[in-house]
Amino acid sequence: MTDLTINNEKHVFDGDPDMPLLWYLRDEIGLTGTRFGCGAALCGCCTVHVDGEAARSCSITMGDLGGKSIMTIEGLGRGGLHALQRAWLDIDVPQCGYCQSGQLMQAAALLTANADPSDQDIDEAMSGNICRCGTYPRIRQAIKQAARELRASGQEHREERRASAAPESEHGTAEVRR
Amino acid sequence: MNVQLSSVTRRQFTFGISALAGGLVAGGYVRGQTPASPAIASAEHDPEITVWVTIDPSDSVVIRVARSEMGQGGFTSLPMLVAEELECDWSRVRPEYVAPTENFIRGRAWGAMLTAGSRGIRDSQAYLRKAGAQARQMLLAEAAERWNVPIEQCSARDSVIAHQQSGRTLRFGEVAAAAAKRPVPKDVVLKRPEDWRLIGQPVKRLDALDKVTGQPIYASDVRLPGMLYAAVAACPAHGGKAEELSSRSNLAAAGRQIRRSGWGQRRIGGRR
């Protein structure tokens, strides 16, 4: 019996604890936005967040996820597109699109840890996410654009809070939902 | 877009699920979805001007795509060829895949559906531009008749038909239903390449939103009632033949159906 949270919803899993998370997401609860790539944690296609960190869902078993909080691509865009998704659209990143859920989740984890990543930071963080179409230059460009937007809205948010002295302003936090 | 296939009509199944893309192209016919009638233009569908174009009363244009998107942008660029001649408002265009089944039923109305060899644009650009011009001509003919003016005095741009002499206008959506009943003209004059306004321009891909939000657009995302899963169990040694499936494997343990194909491999399928 495993209790876990997926996209802010509670799930109780009592099946085979060896079942990979990816199988549970796609086949059991119908969250097919997370794609199967290699099944061996080699390509990054199936990347989700486990407690906010990027992880390969094909290679994590359900038995290891007790008390964990999972976020998938469906959760990233919940309640409005994430800054990364907007940048992805603006720059027209996806070609075939198959790896892009994983790319976005990996990039989102990067921006949580590093609000202003350099080219090298991006290359290091994203090196495990393969794109056969070769969208890497646009991915890098989009990550930088989203990072700029998030930093600007964070700045704006702090200034607004100082100006209005409102304890919890909703404005400016829409991009960071977790 | 998350669609329960069991609850949709055949028509929605056929055209309404751009999401299924590769799945439909690869998988095609679905048992139990046999159509009652080969006719497709009906009340439950927006007026089909030609087989390639439907226009609803609010000027939304659906342009059908008979080739697969595999990353090269065909789901966007093929509709551009139609839209160029149709003279519709590109911002109101939505592409939809044609199902191979429907193509068979309607006598290959959409032509070849093969997507290979960098031929998607090359092989279909002539008839797609023609299809757009035919649809535009039918819309113009309907407007001209309503105004009782020669069709040559009417022109279309951004989904609006105008009569130059009188300054009158009609939106595509206002004449679409009636235009759909007119005969499809055989001969149409295509625009000269130097007059193209859309073809050759960089435009945003129409499927990008689906791709950044994880929509079910790939074959492996398709879920159908009673669907079988299949796996190929090949011999791990080159040239060898798979003889037995380990009794400890998950598939064997689950009691799935095991069928032997003619290729020295086993096809394993099981009902979920």
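Residues numbered from 1 in each chain as written. Chains lettered and ligands numbered in written order. Predicted model: local features only at pLDDT ≥ 70, side-chain atom pairs only at ≥ 80, totals over all residues. Heavy atoms only, no water.

**Comments concerning the sheet that holds strand E5 (residues 154-157) of chain B**
Residues and elements named next belong to chain B.
Here is step 1 of the chain: Pairing is antiparallel across the open sheet formed by three strands, whose spatial order is E5-E6-E7. The open sheet is flanked by E5 and strand E7 (168-171), the only strands paired with a single partner. Here the strands of the sheet are splayed against their neighbours by 25° on average, with no regard to which way each runs.
Here is step 2 of the chain: Pairing geometry for strand E6 (residues 160-163) and E7, over four bridges, is antiparallel. Looking at E7, one finds that Val160 is bridged to Arg171.
Here is step 3 of the chain: In this fold helix H6 (residues 172-179) packs onto E5, E6 and E7, with an angle of close to 70° to the strand it touches most, E7. (Pairing = 2+ DSSP bridges. Helix = DSSP H or I, 4+ residues; strand = E, 2+ residues; numbered from the N terminus. Axes fitted to C-alpha atoms, helices over the stretch in contact; angles between N-to-C directions. Contact = heavy atoms within 4.5 Å.)

**Regarding the packing of helix H3 (residues 83-91) of chain A against helix H4 (residues 100-113) of chain A**
Packed helices, taken two at a time, are described by the angle between their axes plus the distance between the axes.
Residues and elements named next belong to chain A.
Here is step 1 of the chain: The N-to-C vectors of H3 and H4 enclose an angle of 130°; their axes lie 10 Å apart at closest approach. In terms of axis orientation, H3 runs oblique to H4. Crossing of H3 over H4 shows right-handed handedness. Contact residues: Leu84, Gln85 and Trp88 in H3; Gln100, Gln103, Leu104, Ala107, Ala108 and Leu111 in H4.
Here is step 2 of the chain: In the contact of H3 with H4, the residues fall into six nonpolar, three polar and no charged. (Parallel < 35°, antiparallel > 145°, perpendicular 65-115°, else oblique. Left-handed = near helix turned anticlockwise from the far one by under 90°. Nonpolar A, V, L, I, M, F, W, Y, C, P; charged D, E, K, R; others polar.)

**Remarks on the pattern of salt bridges**
Residue and element names in this part refer to chain B.
Here is step 1 of the chain: Under the counting rule described, the total for this entry stands at 29 salt bridges over all chains.
Here is step 2 of the chain: Among the salt bridges present, the one from Arg171 reaches Asp59, with a minimum N-O distance of 3.1 Å. Here the residue Arg171 occupies a position in strand E7, and Asp59 occupies one in the loop between strand E2 (53-55) and strand E3 (61-65), the gap between them amounting to 112 residues.
Here is step 3 of the chain: Several salt bridges share partner residues, and in doing so they unite Glu84, Glu87, Asp158, Lys191 and Arg197 into one network. (Salt bridge = Lys/Arg side-chain N within 4 Å of Asp/Glu carboxyl O.)

**Focus: H4 of chain A**
All names here are of chain A.
Here is step 1 of the chain: Here H4 spans 20 Å end to end across 14 residues, near enough to the 20 Å set by a 1.5 Å rise per residue.
Here is step 2 of the chain: With 12 of 14 residues buried, H4 is to be regarded as a mostly interior element.
Here is step 3 of the chain: Considered for burial, the residues of H4 that qualify are Gln100, Ser101, Gly102, Gln103, Leu104, Met105, Gln106, Ala107, Ala108, Ala109, Leu110 and Leu111. (Expected span 1.5 Å × (residues − 1). Buried < 20%, exposed > 50% of the residue type's maximum accessible area, 1.4 Å probe, protein only.)

**Topic: the interface of chain B and chain A**
Here is step 1 of the chain: With 20 residues of chain B at the contact, the number on the chain A side is 22 residues.
Here is step 2 of the chain: When the two sides are added together, the surface that chain B and chain A hide from each other amounts to roughly 1,800 Å², 48% of it contributed by carbon and sulfur.
Here is step 3 of the chain: By the criterion of area lost to chain A, the three top residues of chain B are Lys211, Val212 and Tyr218 of chain B, representing 32% of everything that side buries.
Here is step 4 of the chain: The interface formed by chain B and chain A contains four salt bridges.
Here is step 5 of the chain: Between Arg26 of chain A and Asp221 of chain B there is a salt bridge whose closest N-O contact spans 2.7 Å.
Here is step 6 of the chain: For the pair chain B and chain A, the number of links is 14 residue pairs in polar contact (both at pLDDT 80 or more). (Buried area = accessible area lost by both parts, 1.4 Å probe. Polar contact = N/O pair within 3.5 Å; in protein donor to acceptor, adjacent residues only side chain to side chain.)

**A closer look at the confidence of the model for chain B**
Here is step 1 of the chain: Confidence along chain B averages 79 in pLDDT terms, with 71% of residues attaining 70 or more.
Here is step 2 of the chain: Under the prediction, the complex receives an ipTM of 0.88, its pTM being 0.79. (pLDDT = per-residue confidence, 0-100.)

**Comments concerning the sheet that holds E3 of chain B**
Each strand in a sheet pairs with its neighbour through backbone hydrogen bonds, running either in the same direction (parallel) or in the opposite one (antiparallel).
All names here are of chain B.
Here is step 1 of the chain: As summarised here, the arrangement of the four strands in space is E1-E2-E3-E4, forming an open sheet in which the pairing is mixed. Here the strands that pair on one side only, and so sit at the sheet edges, are strand E1 (48-50) and strand E4 (93-97). Across this sheet, the average inter-strand angle for adjacent strands is 30°, counted without regard to direction.
Here is step 2 of the chain: For E2 and E3, the ladder comprises three bridges, and the chain directions are antiparallel. Along E3, the bridge assignment pairs Ile55 with Val61.
Here is step 3 of the chain: Across the face of the sheet, helix H3 (residues 74-86) comes into contact with E2, E3 and E4 while running at roughly 125° to E3.

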